[in-house]
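Listed below are the residues making up each chain.
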Amino acid sequence: SEEFAARGFNECTRASDLVLVDSAAMAEMFRHRLPDQAAKVAVHVSPATDIERFAPRDKQACRAFVGLSPDAIILLHVSGFWTHHDFRTAELALRQLNQGSQRAMLVLLGDGPRWRAVRSSLMDLIKSGQVLMPGAVPIAEVPLYIGAADVCLNLWHAPFLRRGNLLGFKLYEYVASERPVIESADFTFPIQEWARKTLWLVPPESPERVANAVLSITSDAARWKARCAEGRSYVKQFRSLDAATRSTVSRLLDL
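All values derive from a computational prediction rather than experimental measurement.

Q: An account of the sheet that holds strand 8 (residues 200–202) is needed here, citing residue identities and associated values.
A: Each strand in a sheet pairs with its neighbour through backbone hydrogen bonds, running either in the same direction (parallel) or in the opposite one (antiparallel). Taken together, six strands build an open sheet; the order of strands is 5-4-3-6-7-8 and the sheet is parallel. The outermost strands of the open sheet, each flanked by one partner alone, are strand 5 (131–135) and strand 8. The average undirected angle you get between the axes of adjacent strands in this sheet is 25°.

Next up, the structure:
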């Protein structure tokens, strides 16, 4: 929705033959905002991911490569450190986990506008070894960090979820890697069946729910291995680069 207010957006769409969007909701928004250009909009598959790069890997081998503890519960969040990423919920969930007998570590991978502020707010946990912030790493290492994780986090602040659920490229990278995912969701919006079957969905800004989800996932590894395999099958069929390309080409051929 922010794009509609951007300078030159209307002129850009008027100069275009086709406007591709990633959801029926966005297509409807476009038709509502620009009714005279409604015929130009079409839905294609986006985002998608490289299922060869993001694939199942041996967890302990990945941990050895990136230097993570072989026996800690590793929680991973990959991001560009934008304002809509909910680091506070991840922090509070970690603190709750480590109040008991658990030994959990939160890895915040990536860099971006809020990196320094987040690092400052977590300094006590960084010094105690409970949080690791490696910054940006080569793209070839990202699948290794994902493979090293017990649980991957895709946490959003509540206002951002007004755009809808299942947002961001990293969700599909996590799922393609066959790692359990805890995902913030707004349950007033539709949620696809594959996500209900393969992700652990929690309301936004709910640290206790995230902590409890971590405990449930790590205590039932066999069940989650099956769920994660089913999730990869979905991504392979519908969210791979091949699937996305076929979708986009079909829209171009329609044009």
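Once the structure has been displayed, the description carries forward.
Q: Tell me what's going on with the layout of surface pockets, and back it up with residues and numbers.
A: Here the largest pocket is characterised by a volume of approximately 1400 Å³. Elements supplying a minimum of two residues to the lining of the largest pocket: strand 1 (19–21), helix 2 (24–33), helix 8 (169–176) and helix 11 (221–238). Ranked by residue count, the leading element in the lining of the largest pocket is helix 2, at five residues. Class assignment of the residues belonging to the lining of the largest pocket gives a composition of 29 nonpolar, 12 polar and eight charged. Space inside the second largest pocket adds up to approximately 370 Å³. Lys59, Arg179, Pro180, Ala221 and Lys225 are, among the 15 residues lining the second largest pocket, the residues nearest its centre. Looking at the lining of the second largest pocket, the elements with two or more residues in it are helix 10 (207–218) and helix 11. The element that contributes the greatest number of residues to the lining of the second largest pocket is helix 11, accounting for four residues. Taken together, the residues of the lining of the second largest pocket break down into seven nonpolar, two polar and six charged.

Q: Describe the environment of Glu205, listing the residues and the values that go with them.
A: By secondary structure assignment, the location of Glu205 is in the loop between strand 8 and helix 10. Residue classification places Glu205 among the partly exposed residues on the basis of a relative accessible area of 40%. Beyond its immediate stretch of four places on either side in the chain, Glu205 contacts Asp86, Thr89, Trp156, His157, Ala158 and Pro159. Polar side-chain contacts of Glu205 include one of 3.4 Å to the side chain of His157. In this structure the side chain of Glu205 is engaged in a polar contact, spanning 2.9 Å, whose partner is the backbone nitrogen of Ala158.

Q: Lay out a nonpolar patch on the surface in plain terms, naming residues and giving numbers.
A: A cluster of nonpolar side chains, contributed by Val249, Leu252 and Leu253, occupies part of the molecular surface with about 300 Å² of accessible area. Position of Val249 among the secondary structure elements: in helix 12 (residues 241–254).

Q: Lay out the environment of Phe169 with the relevant residues and their values.
A: Here Phe169 shows up in helix 8. On a C-alpha basis, the gap between Phe169 and Ser46 in space is 8.7 Å, while along the polypeptide they are 123 residues apart. When residues no more than four places from it in sequence are discounted, the contact partners of Phe169 are Pro47 and Ala48.

Q: Give me the lowdown on the pattern of salt bridges, citing residues and values where you can.
A: Side chains that differ in sign of charge can pair as their charged atoms come close. Here the structure, examined in full by the defined rule, presents eight salt bridges. For the salt bridge of Asp36 with Arg14, the shortest nitrogen-to-oxygen distance reads 2.8 Å. Of this pair, Asp36 sits in the loop between helix 2 and strand 2 (41–43) while Arg14 sits in helix 1 (residues 9–14), placing them 22 residues apart in sequence. Overall, Arg14 belongs to the partly exposed group, its relative accessible area being 48%. Asp71 serves as the salt-bridge partner of Arg103, at 2.8 Å between the closest nitrogen and oxygen. Linking Arg103 in the loop between helix 4 (87–97) and strand 4 (104–109) with Asp71 in the loop between helix 3 (59–66) and strand 3 (73–78), this pair joins segments that are 32 residues apart in sequence. Classification of Asp71 by relative accessible area gives exposed; the value is 58%. In the salt-bridge network here, residues are joined through shared partners; they are Arg88, Glu91, Arg95 and Asp124.

Cut-off values and rules
Residues numbered from 1 in each chain as written. Predicted model: local features only at pLDDT ≥ 70, side-chain atom pairs only at ≥ 80, totals over all residues. Heavy atoms only, no water. Pairing = 2+ DSSP bridges. Helix = DSSP H or I, 4+ residues; strand = E, 2+ residues; numbered from the N terminus. Axes fitted to C-alpha atoms, helices over the stretch in contact; angles between N-to-C directions. 1 Å grid on protein atoms, 1.4 Å probe; cavity = no way out; pocket = protein on both sides within 12 Å on 5 of 7 lines; lining within 4 Å. Points joined across faces, edges and corners; volume = space filled by probe spheres on them. Nonpolar A, V, L, I, M, F, W, Y, C, P; charged D, E, K, R; others polar. Buried < 20%, exposed > 50% of the residue type's maximum accessible area, 1.4 Å probe, protein only. Contact = heavy atoms within 4.5 Å. Polar contact = N/O pair within 3.5 Å; in protein donor to acceptor, adjacent residues only side chain to side chain. Patch = residues over 30% accessible without salt bridge, like charges linked within 9 Å, V, L, I, M, F, W, Y side chains within 5 Å. Areas by Shrake-Rupley, 256 points an atom, 1.4 Å probe, with all protein chains shown as cover. Salt bridge = Lys/Arg side-chain N within 4 Å of Asp/Glu carboxyl O.

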